[in-house]
Amino acid sequence: MAPEWSDAFDAVPRSAFLPDVIWPYDMRTGRSAAVSRATDPAAWEESAVANVPVTTQWDDGRHTGTAPGRVPTSSASMPGIVFSMLRDLGPRPGHTVLEIGTGTGWNAALLAHRLGAPAVTTVEVDPAVATAARDRLRAFGAAVEVVTGDGLLGHPAGAPYDRIMATAGLRAIPYAWVEQTRPGGVIVAPWGTHYGHGDAVARLTVSEDGTEASGRFTRLVEFMKVRTQRLAWRGHAAQVPEDVTGSGDRSSTTLPETAFPQASFEAVTFAMGLRVRDCRHSVAEKRDGVRPVWFYGLSDASWAVVVFRDGSPESAVYQSGPRRLWDEAEEAYRWWVKEDRPGPGRFGLTVTRRGQRVWLDDPAHAVTQ
């Protein structure tokens, strides 16, 4: 661990910011199960210190009981990711930091330990989450300013900041953050596309004239999404007919099944999402040697599916609608291979008042379809 953060992680345990009932994520099974400090304190403490993400709220607070809810909506991130993002942020004593997404308050407390509580402001959209975090921060002796509000607007009252850090996944980085960061300051945020759940951490530096922020991605991650940027989608049944073989145009492909891994943390998935825009893809479980991969247009009724079968050199493809989603996906994969299978570190993001653009290797080399 970087020495500038080792003291903070030793002095600020995650357990001090977790509620009595938590849902640690099992990295092997991909599931979460409730652990109660009251009924199993040893398991609770083990989960609190483990290098796994811990859900602390489901369904924007509407969830009750101990069974997992539908959508996790607040959490304490896995310590390894917290550390790496703080290292990317690179704040130094004397800097001011705006955090977007207070959550439990643990990340803000780590920042406060290194920079002092007055240097840290954190914004949380959920009033109940904000209140709980504010109480825990005060009890811990790290009374940073907790603002209840829309983090996408930043917090102009405290601007300009030397650093802005988001702890929720974004599909568009607001220009307000650029405006509220000093020239030469840094913005760190998980960013991705609706193609999948995954994100990559963008580390952006604000230009000397303050008009844009630009930089490379550092690593693949997966975060709960900012509430107003979550994917709104009608669902499979509303978009795809029951009989795809009789409804879609049929073709075939020799693309390998490995082009569509199930895991979110894959370079190919991130890269393809950059090229196949306004599209959601879903990799189904394999059954009896057969695995379908679906593609859904988000701006129209287009859909596509490729069906991989163990031992078959070719895979059947069906697609329908105004967009040829499979053609776009196949082209995107071949582009990624042609570019020597770039990982996140070769991609970058630039945010200006006009919007955002992703590039490969150089800001002049835009990634477009």
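The model shown is predicted, which means the values in this text are computed figures rather than measured ones.

So, how was this worked out
- Residues numbered from 1 in each chain as written.
- Predicted model: local features only at pLDDT ≥ 70, side-chain atom pairs only at ≥ 80, totals over all residues.
- Heavy atoms only, no water.
- Helix = DSSP H or I, 4+ residues; strand = E, 2+ residues; numbered from the N terminus.
- Rg over C-alpha atoms; globule rule 2.2 N^0.38 Å.
- Buried < 20%, exposed > 50% of the residue type's maximum accessible area, 1.4 Å probe, protein only.
- Polar contact = N/O pair within 3.5 Å; in protein donor to acceptor, adjacent residues only side chain to side chain.
- Contact = heavy atoms within 4.5 Å.
- Pairing = 2+ DSSP bridges.
- Phe/Tyr/Trp six-rings, centres within 6.5 Å; stacked < 30°, edge-to-face > 60°.
- Salt bridge = Lys/Arg side-chain N within 4 Å of Asp/Glu carboxyl O.
- Axes fitted to C-alpha atoms, helices over the stretch in contact; angles between N-to-C directions.
- Arc of directions from axis to C-beta.
- Parallel < 35°, antiparallel > 145°, perpendicular 65-115°, else oblique.
- Left-handed = near helix turned anticlockwise from the far one by under 90°.

A. The overall build of the chain, seen in detail. When its secondary structure is counted, the chain shows 9 helices and 19 strands. Here the chain has a C-alpha radius of gyration of 22 Å; the compact-globule value for 369 residues is 21 Å, and the two agree. Counting only C-alpha atoms, the chain reaches 65 × 55 × 35 Å along its principal axes. Sorting the 369 residues of the chain into buried and exposed places 53% on the buried side.

B. Quick peek at the side chain of Thr253. The residue Thr253 is located in strand E13 (residues 249-253) in this model. Thr253 gets classed as buried once you look at its relative accessible area, which sits at 3%. Polar contacts involving the side chain of Thr253 include one to the main-chain amide nitrogen of Leu255, which spans 3.1 Å. Of the polar contacts made by the side chain of Thr253, one reaches the side chain of Glu330; its length is 2.8 Å. If we ignore the near neighbours within four places in the chain, the residues touching Thr253 are Val306, Pro313, Glu314, Ser315, Val317, Trp326 and Glu330.

C. Quick peek at the pairing of strand E19 (residues 355-360). Both strand E18 (residues 347-352) and E19 contribute to a ladder of 6 bridges, which runs antiparallel. For Phe347, the partnering residue across the bridge sits in E19 and is Leu360. Turn length for the E18-E19 hairpin, with the two strands adjacent in sequence and antiparallel, is 2 residues.

D. Representation of the packing of aromatic side chains. Summed over the entire model, instances satisfying the criterion amount to 15 aromatic pairs. Ring geometry for Trp233 versus Tyr296: centroids 4.5 Å apart, planes at 50°, classification tilted. A residue pair is termed long-range when its members are at least 10 positions apart, and Trp233 in the loop between strand E12 (212-221) and helix H7 (236-239) and Tyr296 in strand E15 (residues 290-297) qualify at 63 residues. A relative accessible area of 32% means that Trp233 is categorised as partly exposed. Residue Tyr296 is classed as buried on the basis of its relative accessible area of 4%. On the numbers, 6.3 Å between centres and 40° between planes, the contact of Trp335 with Phe347 is tilted. Placement of Trp335 in helix H9 (residues 325-338) and of Phe347 in strand E18 is noted, with a sequence separation of 12 residues between them.

E. Representation of the pattern of salt bridges. The final tally for this structure, using the stated rule, is 19 salt bridges. Between Arg334 and Glu330 there is a salt bridge; the shortest N-O distance is 3.1 Å. One end of the pair, Arg334, and the other, Glu330, are both in helix H9, 4 residues apart, so they sit about a helical turn from each other. A relative accessible area of 17% places Glu330 in the buried class. Linked by salt bridges that have partners in common, Asp60, Arg62, Asp126, Arg227 and Arg230 make up one network.

F. Broad picture of the sheet that holds strand E14 (residues 279-283). Read from one edge to the other, the open sheet built from 5 strands follows the order E13-E17-E16-E15-E14, with strand pairing classed as antiparallel. Looking along the sheet, the strands with just one partner apiece sit at the ends: E13 and E14. Pairwise comparison of adjacent strand axes, ignoring direction, gives a mean angle of 20° for this sheet. Two elements, strand E16 (residues 303-309) and strand E17 (residues 315-320), share 5 bridges in a ladder whose sense is antiparallel. Across the sheet, residue Trp303 finds its bridge partner in E17, namely Ser320. Strands in contact with H9 are E13, E14, E15, E16 and E17; relative to E15, the strand with the most contacts, it is inclined by about 105°.

G. Structural detail: helix H1 (residues 3-11). When H1 is considered as a whole, its buried residues turn out to be Trp5, Ala8 and Phe9. Viewed along the axis of H1, the buried residues span an arc of 95°, placing them on a single side of the element. For H1, exposure combined with an orientation more than 90 degrees from the buried face picks out Pro3, Asp7 and Asp10. On its buried face, H1 is in contact with helix H3 (79-89) and helix H4 (106-115).

H. Up close: the environment of Thr102. With respect to the secondary-structure elements, Thr102 resides in the loop between strand E6 (97-100) and H4. Distance in space between the C-alpha atoms of Thr102 and Arg346 is 30 Å, their sequence separation being 244 residues. Beyond its immediate sequence surroundings of up to four residues, Thr102 is in contact with Thr122, Val123, Glu124, Ala133 and Val146.

I. A look at the packing of helix H8 (residues 267-275) against H9. One way to put it is that H8 packs onto H9 with a least axis distance of 9 Å and a crossing angle of 120°. In terms of axis orientation, H8 runs oblique to H9. H8 and H9 meet at a crossing whose hand is right-handed. On H9, the residues touching Ala267, Val268, Ala271, Met272 and Arg275 of H8 are Ala329, Glu331, Ala332, Tyr333, Trp335 and Trp336.

J. View of the sheet that holds E12. Spatial strand order, E8-E7-E6-E9-E10-E11-E12-E18-E19: 9 strands in an open sheet with mixed pairing. Each edge of the open sheet carries a strand with a single partner, namely strand E8 (145-148) and E19. Averaged over all adjacent pairs, the angle separating strand axes in this sheet is 20°, with direction ignored. Where E12 and E18 come together, 5 bridges link them in antiparallel fashion. Looking at the pairing, Ala213 lines up with Val351 of E18.

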